[in-house]
Amino acid sequence: MDWMDRMNSAMDYIETHLSEEIDYDQLAKIACCSTYHFQRMFPFITNVTLSEYIRRRRLTLAAFELQQSATKVIDVALKYGYESPEAFSRAFKKMHSVMPVSARDKCVSLKAFPRLSFHISIRGDVEMNYKIEDKQAFEMFGVSTLINADGENPYIEIPAFWTKCISDGSVDRIRAAAGLGEDGQIHGILYNKQGDDFSYMIGYFSPQSDLPEGFEKLQIPTQTYAIFSTGVYPDGQSNIHDLWKRIFSEWFPNSNYENANTPEFEMTYDRGNNMYEMEIWIPIVKKPVS
């Protein structure tokens, strides 16, 4: 069974358990990968987090059930995992823009989020430059924020965080603490994924001297990384978003590795003559033998 078949089997599992508690470990087992890797990979391939996809599918089926039966709202709420009618009503209105009791009204407009399925797509005509490297443990420091992983949110919230840190002087303070010049390149670290959120730090390698107050420290363990390059460009940002998506949708499914549950990096380098290169460091482990 290849990767596409495994992913479709995982979607089948979700569909048959939407009115029950969905076991993420079992879901990942069906897809033949770790739970962390499955949850990390899913939004890059589908543009929606795993928990949000499940929520939307449940609310889609709930809307159908309310339209087509006389089942009480509280019974539908409990069926699809909501502990109270109030929580269900809030979620239902957020997605459908109407309260559950209005779903039975004629001509009411509701939203349906279809079941995902995976099909063959002809891609891979653009090469991906990468290397596998072992890195010893090290420490980073900087300032961080919480990022929502759903859909395009990271591509909006991360640049906004950089803009904020540049304007409020945080970037200059990091450069000064690291002993870099005013144009020294600093990096981004993604870590501590919890549900639909993860932490994002702007920072640099910790110096030997004591750090000023106001910075966080992050210990990075010894790890093997797959390192991907955007190439060298004047703005340093070209292709970074597409590269993230291609790593998870094209490289991982065809490799013998999966994502390890340790920090990931966006590393920026000054290549001279106003040209810059970015690298994405993805921590990897070999897939278990199935």
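Residues numbered from 1 in each chain as written. Predicted model: local features only at pLDDT ≥ 70, side-chain atom pairs only at ≥ 80, totals over all residues. Heavy atoms only, no water.

## Comments concerning empty space enclosed by the protein
Logical step 1: All chains considered together, the criterion is met by two cavities of 30 Å³ or more.
Logical step 2: Taken as a whole, the largest cavity spans an internal volume of roughly 60 Å³.
Logical step 3: In terms of lining residues, the largest cavity is bounded by W3, R6, A31, C32, C33, H37, M41, F252, P253 and K287.
Logical step 4: At the level of secondary structure, the elements contributing two or more residues to the lining of the largest cavity comprise helix 1 (3-16) and helix 3 (35-46).
Logical step 5: Tallied by class, the residues present in the lining of the largest cavity amount to seven nonpolar, one polar and two charged.
Logical step 6: Taken together, Q39, T49, L50, S51, K193, G195 and D196 make up the lining of the second largest cavity. (1 Å grid on protein atoms, 1.4 Å probe; cavity = no way out; pocket = protein on both sides within 12 Å on 5 of 7 lines; lining within 4 Å. Points joined across faces, edges and corners; volume = space filled by probe spheres on them. Helix = DSSP H or I, 4+ residues; strand = E, 2+ residues; numbered from the N terminus. Nonpolar A, V, L, I, M, F, W, Y, C, P; charged D, E, K, R; others polar.)

## Notes on the side chain of T46
Logical step 1: On the secondary structure map, T46 appears in helix 3.
Logical step 2: Residue classification places T46 among the buried positions, given a relative accessible area of 17%.
Logical step 3: Within polar-contact distance, the side chain of T46 engages the backbone oxygen of V48 at 2.9 Å. (Buried < 20%, exposed > 50% of the residue type's maximum accessible area, 1.4 Å probe, protein only. Polar contact = N/O pair within 3.5 Å; in protein donor to acceptor, adjacent residues only side chain to side chain.)

## Brief notes about helix 6 (residues 85-96)
Logical step 1: Over its twelve residues, helix 6 extends 16 Å from the first C-alpha to the last, a length consistent with the 16 Å expected when each residue adds 1.5 Å.
Logical step 2: Taken together, the buried positions of helix 6 are F88, S89, A91, F92, M95 and H96.
Logical step 3: The elements touched by buried residues of helix 6 are helix 4 (50-68) and helix 5 (73-79). (Expected span 1.5 Å × (residues − 1). Contact = heavy atoms within 4.5 Å.)

## Considerations on the packing of aromatic side chains
Logical step 1: With the rule as written, the count across this model stands at 22 aromatic pairs.
Logical step 2: Taking the centre distance of 5.7 Å and the plane angle of 10° together, the rings of F44 and W244 count as stacked. Taken as a pair, F44 in helix 3 and W244 in helix 9 (residues 240-251) lie far apart in primary sequence, 200 residues in all.
Logical step 3: On the accessibility criterion, W244 (3% relative accessible area) is buried.
Logical step 4: Taken together, a centroid distance of 5.4 Å and an interplanar angle of 65° make the contact between Y82 and F88 edge-to-face. Note on accessibility: Y82 and F88 belong to one class, buried.
Logical step 5: Taken together, the aromatic side chains of F44, Y130, F228, W244, F248, W251, F252 and Y257 make up a single cluster linked through ring pairs.
Logical step 6: It is R40 that lies over the ring of F198; its NZ or CZ is 5.8 Å from the centre. (Phe/Tyr/Trp six-rings, centres within 6.5 Å; stacked < 30°, edge-to-face > 60°. Lys NZ or Arg CZ within 6 Å of the ring centre and 35° of its normal.)

## Focus: the packing of helix 3 against helix 9
Logical step 1: Where helix 3 contacts helix 9, the axes come no closer than 8 Å and their chain directions differ by 115°. Comparing their axes, helix 9 and helix 3 come out roughly perpendicular. In this structure, helix 3 crosses over helix 9, and the sense of that crossing is left-handed. On helix 9, the residues touching R40, M41, F44 and I45 of helix 3 are W244, K245, F248 and S249.
Logical step 2: Along the lines of polarity and charge, the residues of the contact of helix 3 with helix 9 split into five nonpolar, one polar and two charged. (Axes fitted to C-alpha atoms, helices over the stretch in contact; angles between N-to-C directions. Parallel < 35°, antiparallel > 145°, perpendicular 65-115°, else oblique. Left-handed = near helix turned anticlockwise from the far one by under 90°.)

Purely geometric stuff here, so don't read any function into it on its own.
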